[in-house]
2 protein chains.
Amino acid sequence: MKLRDIPTPALVIDVPAMERNIRRMADFAAESGCLLRPHFKAVKTPEIARRQLAAGGCVGLTCQTVGEVEVAIEEGLTTDILLTNEIIGPGKADRVARVAGRGDVKVAVDSEFGVRDLARAAREAGTEIGVVVDVNVGLVRCGVEPGEPAVALARLVHETPGLRLSGVMGYEGHAVGKEDRAEREALATKAMGILLPAAQQVREAGLPVGFVSAGGTGTYDITGRMEGINEIQPGSYVLMDTAYAKLDLPFEQAFSILGTVIHRSPGHCVLDTGLKACAVDHGNPSIKAEEGASVRFLSDEHATIDLPASSKVAVGDPFELWPSHIDPNINLHDVMYAVDNGEVVGIWPISARGYREQREIRL
Amino acid sequence: MKLRDIPTPALVIDVPAMERNIRRMADFAAESGCLLRPHFKAVKTPEIARRQLAAGGCVGLTCQTVGEVEVAIEEGLTTDILLTNEIIGPGKADRVARVAGRGDVKVAVDSEFGVRDLARAAREAGTEIGVVVDVNVGLVRCGVEPGEPAVALARLVHETPGLRLSGVMGYEGHAVGKEDRAEREALATKAMGILLPAAQQVREAGLPVGFVSAGGTGTYDITGRMEGINEIQPGSYVLMDTAYAKLDLPFEQAFSILGTVIHRSPGHCVLDTGLKACAVDHGNPSIKAEEGASVRFLSDEHATIDLPASSKVAVGDPFELWPSHIDPNINLHDVMYAVDNGEVVGIWPISARGYREQREIRL
């Protein structure tokens, strides 16, 4: 099967570029001594996680949903999983408790509610769940306040039967995407200036802090070099996107959306790569191969592309778009077509796509 | 199962509101004499299509992808299907030819390439495919130019073995979303002032035009009342979204994204309804139940919600968001939870979600 034979729209992986990304991050781990815990949320694809883990330097995987944890365990990717999200809502803690016994699963908490709910689920399942205290380091999202609130929450975890205090984390999500390196460094340094003392205070309270985790693709070599940060959670680096490509990172964009030209007018063409194949929350996708072409707009099943008068684009041609945001884009598809030098070398299921609870529950 | 028991994030349907929408559109058909061909792309859910078809006034379904046609045929929803899209790309015409024999499937074309490819597939499958000439009525997307190009394409279809000229269509997609009624009417009227003469020219060339199709939710009662328009293709009306809610339409928003509050700080809370559960291409979702609350931003698995000081929102609470664009949002989920007065009365598979080619092809 060749690139031109792939039914469109389709998510296409440039395997050599992906392998170079994996190698570069593994090299960073070897050189820096910082452990990697690649974020499975970015790709949701077991075949890619296997290659990341096999490249070395990895302590396990990071997940963002219970479904991702379940897939990682079922596929035998790793037993060491950090779920960097507050697991609250009907049935969620119970699902975590069910898989916790099959590996070393550690879950973020930032509230007493979260601790109580996880403890209840662990007790009912007769298991133990690892817990990581999630500290707010400046992103307006989750995380307990550093200082006494973080210490109190860590103590509650430590003293609650069924739970095991595993570590402390903080995500500098407000820093990872800043294009300017100096600004990114300043924000990440400030964030870790909150996280590291918070972890130290927990330790000084006599509580066990097995590890301190932080970092994303944009800050991997900033946060990942800091004394006291034991592991980092980058995900996007493996396939990248046009938003991250604006940063000064040594990673290549290794995935695109392959479409077919289904209409041609003098000034534009239309592709079959619409909003259901290409996420636009970080902006429209980019075009690389067609000089002077630009995306006008995407609708549900169409992308209208403005073309220069000289363009030779014709109905039936393949046409690639380069998406702006990896995570929600990959989540739209069921498989990735892995391509090496124009040849399809694999069709990889995106096994953790969507919310698997929805595919299992019956009335 | 109650609303509060639904695992989040989840797509929730207000069944009575949906039924009122279906009834109102069926009443319009009865009153106007215009046939309905509800667009399956909006909901991709057989249970909803069944109810639309059962309400009366419908001639069949409209689809936008081959996968949607396959689901409609396999589920026995209808045998009369209009595929309002140019079906071009590896394997697509062949898939249409395979299902064409199981029903009356009509496909839009706007190019000679499209005609030749459909004819080849029909010949190879030993079947006949209905074809509708898609005319450009002002939206910068697909469609052949009206006048001689449209007549020539219709003639080519009529003279090509394996194809059957079924009708003429044009989609006034640039009009349907205009909030101002007068502007919407003017644009739709201008568009139909292109489509209707184009169809007439095809007829005058001695070619059979079985029907003329156009119209969306925003123009159903404009285009649908025009002499010469035989059927309309509205889809969004059945569940609506916040973008369409800004128009003066007699339809209610009948779907929301149910989340759980997973974090609470003094000034904000965080829900588990991120970009993978809630499409934002038409803007952030809205909040109805919590006075003074507003969406700050969505990330992959989180929605950060700014809250007034008085808010009583607590971790563990259910929290609904009202999305801006129905089609790509529904496509993110695998099922809908059908709710009537707080009770879950059904879990409906979104059977036509995604691109089913991806779930079938093996190397």
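Residues numbered from 1 in each chain as written. Chains lettered and ligands numbered in written order. Predicted model: local features only at pLDDT ≥ 70, side-chain atom pairs only at ≥ 80, totals over all residues. Heavy atoms only, no water.

Peer 1: Let's hear about the overall build of chain A: which residues, and what values?
Peer 2: Of regular secondary structure, chain A possesses eleven helices and 16 strands. For 363 residues, the compact-globule estimate of 2.2 N^0.38 gives 21 Å, and chain A sits close to it at 22 Å. Counting only C-alpha atoms, chain A reaches 70 × 55 × 35 Å along its principal axes. For chain A, buried positions account for 63% of its 363 residues. Here the analysis covers contacts within chain A between residues at least 6 apart in sequence; of these, 68% occur between residues at least 24 apart. Carbon together with sulfur atoms contributes 49% to the accessible area of chain A, which is approximately 12,200 Å² in total. Taking the 37 positively charged and 50 negatively charged side chains of chain A as two groups, their mean positions are separated by 2 Å. (Helix = DSSP H or I, 4+ residues; strand = E, 2+ residues; numbered from the N terminus. Rg over C-alpha atoms; globule rule 2.2 N^0.38 Å. Buried < 20%, exposed > 50% of the residue type's maximum accessible area, 1.4 Å probe, protein only. Contact = heavy atoms within 4.5 Å. Areas by Shrake-Rupley, 256 points an atom, 1.4 Å probe, with all protein chains shown as cover. Lys, Arg positive; Asp, Glu negative; His and termini not counted. Charge placed at Lys NZ, Arg CZ, Asp CG, Glu CD.)

Peer 1: Describe in detail helix 1 (residues 15–32) of chain A, supporting the description with residues and values.
Peer 2: Over its 18 residues, helix 1 of chain A extends 26 Å from the first C-alpha to the last, a length consistent with the 26 Å expected when each residue adds 1.5 Å. Just downstream of helix 1 of chain A lies Gly33 of chain A, where phi reads positive at about 85°. (Expected span 1.5 Å × (residues − 1).)

Peer 1: Describe the relation of the copies chain B and chain A, with residues and values.
Peer 2: Least-squares fitting of chain B to chain A yields an RMSD of 0.0 Å, with the superposition described by an axial translation of 0.0 Å and a rotation of 180°. Considering both components of the superposition, the chain copies are consistent with a two-fold axis. Interface residue correspondence from chain B to chain A reaches 100%, placing this contact among same-surface, isologous pairings. (Least-squares fit on C-alpha atoms with pLDDT ≥ 70 in both.)

Peer 1: Explain the sheet that holds strand 6 (residues 129–134) of chain B to me, and be specific about the residues and the numbers.
Peer 2: Strand pairing in a sheet takes place through backbone hydrogen bonds and is either antiparallel or parallel in direction. All names here are of chain B. Spatial ordering of the open sheet is given by 2-9-8-7-6-5-4-3, a layout of eight strands whose pairing is parallel. At either end of the open sheet lies a strand with only one pairing partner, and these are strand 2 (35–36) and strand 3 (61–63). The pairing of strand 2 with strand 9 (residues 231–232) spans two bridges and is classified as parallel. Paired with Leu36 across the strands is Ile232, a residue of strand 9. Across the sheet, helix 4 (residues 92–100) is in contact with strand 4 (80–86), strand 5 (104–109) and strand 6; its angle to strand 5 comes to roughly 155°. (Pairing = 2+ DSSP bridges. Axes fitted to C-alpha atoms, helices over the stretch in contact; angles between N-to-C directions.)

Peer 1: Hey, could you go over the packing of aromatic side chains for me, with residue numbers and the actual values?
Peer 2: Per the stated rule, a full pass over the model turns up six aromatic pairs over all chains. Ring centres of Phe28 of chain A and Tyr220 of chain A lie 4.9 Å apart, and the angle between their planes is 75°; on these two criteria the pair is classed as edge-to-face. On the criterion of sequence distance, the pair formed by Phe28 of chain A in helix 1 and Tyr220 of chain A in helix 8 (residues 220–223) is long-range, its members being 192 residues apart. Classification of Phe28 of chain A by relative accessible area gives buried; the value is 4%. Under the relative-accessibility criterion, Tyr220 of chain A is labelled buried at 6%. A centroid spacing of 5.5 Å and a plane angle of 55° characterise the contact between Tyr237 of chain B and Phe251 of chain B, whose relative ring orientation is tilted. With Tyr237 of chain B in the loop between strand 9 and helix 9 (242–245) and Phe251 of chain B in the loop between helix 9 and strand 10 (255–264), the pair connects residues that are 14 residues apart, well separated along the chain. (Phe/Tyr/Trp six-rings, centres within 6.5 Å; stacked < 30°, edge-to-face > 60°.)

Peer 1: Could you give an account of the nonpolar core, with specific residues and numbers?
Peer 2: In terms of nonpolar packing, the biggest core is built from 112 residues, with Val43, Leu239, Ile305 and Met336 of chain A touching the most fellow members. In terms of residue count, helix 1 of chain A provides more of this core than any other element does, eight residues in total. With near-sequence residues (within four places) excluded, Val43 of chain A lies in contact with Ile48, Val238, Leu239, Ile326, Ile330, Met336 and Ile350 of chain A. Val109, Val131, Ala175 and Tyr237 of chain B belong to the second largest nonpolar core, which has 109 residues in total. (Core = buried A, V, L, I, M, F, W, Y, C linked by side-chain atoms within 4.5 Å.)

Peer 1: Hey, could you go over the packing of helix 4 (residues 92–100) of chain A against helix 5 (residues 112–125) of chain A for me, with residue numbers and the actual values?
Peer 2: All names here are of chain A. Close contact between helix 4 and helix 5 brings their axes to 8 Å; oriented N to C, the two are set at 50°. Overall, the two elements helix 4 and helix 5 adopt an arrangement that is oblique. At the point where helix 4 passes helix 5, the crossing takes the right-handed sense. Here helix 4 contributes Ala93, Asp94, Val96 and Ala97 to the contact with helix 5, which in turn contributes Asp117, Leu118, Arg120, Ala121, Ala122, Glu124 and Ala125. Taken together, the residues of the contact of helix 4 with helix 5 break down into seven nonpolar, no polar and four charged. (Parallel < 35°, antiparallel > 145°, perpendicular 65-115°, else oblique. Left-handed = near helix turned anticlockwise from the far one by under 90°. Nonpolar A, V, L, I, M, F, W, Y, C, P; charged D, E, K, R; others polar.)

Peer 1: Residues and numbers for the confidence of the model for chain A, please.
Peer 2: For chain A, the mean per-residue pLDDT works out to 97, and 100% of the residues sit at or above 70. Overall fold confidence for the complex sits at a pTM of 0.97, while the interface term, ipTM, reaches 0.97. (pLDDT = per-residue confidence, 0-100.)

Peer 1: Residue-level account of unusual backbone geometry, with values.
Peer 2: Cis rather than trans, the peptide bond between Thr8 of chain A and Pro9 of chain A has omega equal to 0°. Tracing the chain through its elements places Pro9 of chain A in the segment before strand 1 (10–14). Its identity is not glycine, yet Asn341 of chain B carries a phi of approximately 55°, on the positive side. With respect to the secondary-structure elements, Asn341 of chain B resides in the loop between strand 15 (335–340) and strand 16 (343–349). Overall, the relative accessible area of 78% leaves Asn341 of chain B in the exposed class.

Peer 1: Break down the pattern of salt bridges for me, citing the residues and quoting the values.
Peer 2: By the definition in use, this model includes 71 salt bridges over all chains. A network of salt bridges, in which partner residues are shared, links Arg37, Asp80, Asp104, Lys106, Glu128, Arg164 and Glu231 of chain A. (Salt bridge = Lys/Arg side-chain N within 4 Å of Asp/Glu carboxyl O.)

Peer 1: Break down the pairing of strand 7 (residues 163–169) of chain B for me, citing the residues and quoting the values.
Peer 2: Side-chain direction in a regular strand flips from residue to residue, so the side chains alternate between the two faces of the sheet. All names here are of chain B. The buried fraction of strand 7 amounts to six of the seven residues, a majority that puts the element mostly inside the structure. Read from strand 6 through helix 6 (residues 148–159) to strand 7, the crossover connection turns out right-handed. Note: strand 7 against strand 8 (residues 211–214), three bridges, orientation parallel. Paired with Gly167 across the two strands is Phe211, which belongs to strand 8. (Right-handed = clockwise from strand over helix to strand, strands pointing away.)

Peer 1: Give a description of the sheet that holds strand 9 (residues 231–232) of chain A that names residues and reports values.
Peer 2: Residue and element names in this part refer to chain A. Taken in spatial order, the eight strands of this open sheet run 2-9-8-7-6-5-4-3, and their pairing is parallel. Each of the sheet's edge strands pairs with one partner strand only, and the pair in question is strand 2 (35–36) and strand 3 (61–63). Here strand 8 (residues 211–214) runs beside strand 9; their pairing, made up of two bridges, is parallel. Residue pairing across strands places Ser213 opposite Glu231, the latter belonging to strand 9. Set on the sheet, helix 5 makes contact with strand 5 (104–109), strand 6 (129–134) and strand 7 (163–169); between it and strand 5 the angle comes to about 150°. Against the sheet, helix 7 (residues 181–204) engages strand 7 and strand 8, with an angle of about 160° to strand 8.

Peer 1: Help me get a handle on the interface of chain B and chain A, residues and values and all.
Peer 2: Contact residues are listed per partner, giving 69 residues for chain B and 69 residues for chain A. Together chain B and chain A conceal approximately 5,700 Å² of surface at their shared face, both sides included; 58% is due to carbon and sulfur atoms. When residues of chain B are sorted by the area they lose upon contact with chain A, Arg141, Lys276 and Gln358 of chain B head the list and together hold 13% of the total. Here chain B and chain A share eight salt bridges between them. Here Asp334 of chain A makes a salt bridge to Arg359 of chain B, at a shortest N to O gap of 2.9 Å. Taken together, the connections running from chain B to chain A amount to 34 residue pairs in polar contact (both at pLDDT 80 or more). (Buried area = accessible area lost by both parts, 1.4 Å probe. Polar contact = N/O pair within 3.5 Å; in protein donor to acceptor, adjacent residues only side chain to side chain.)

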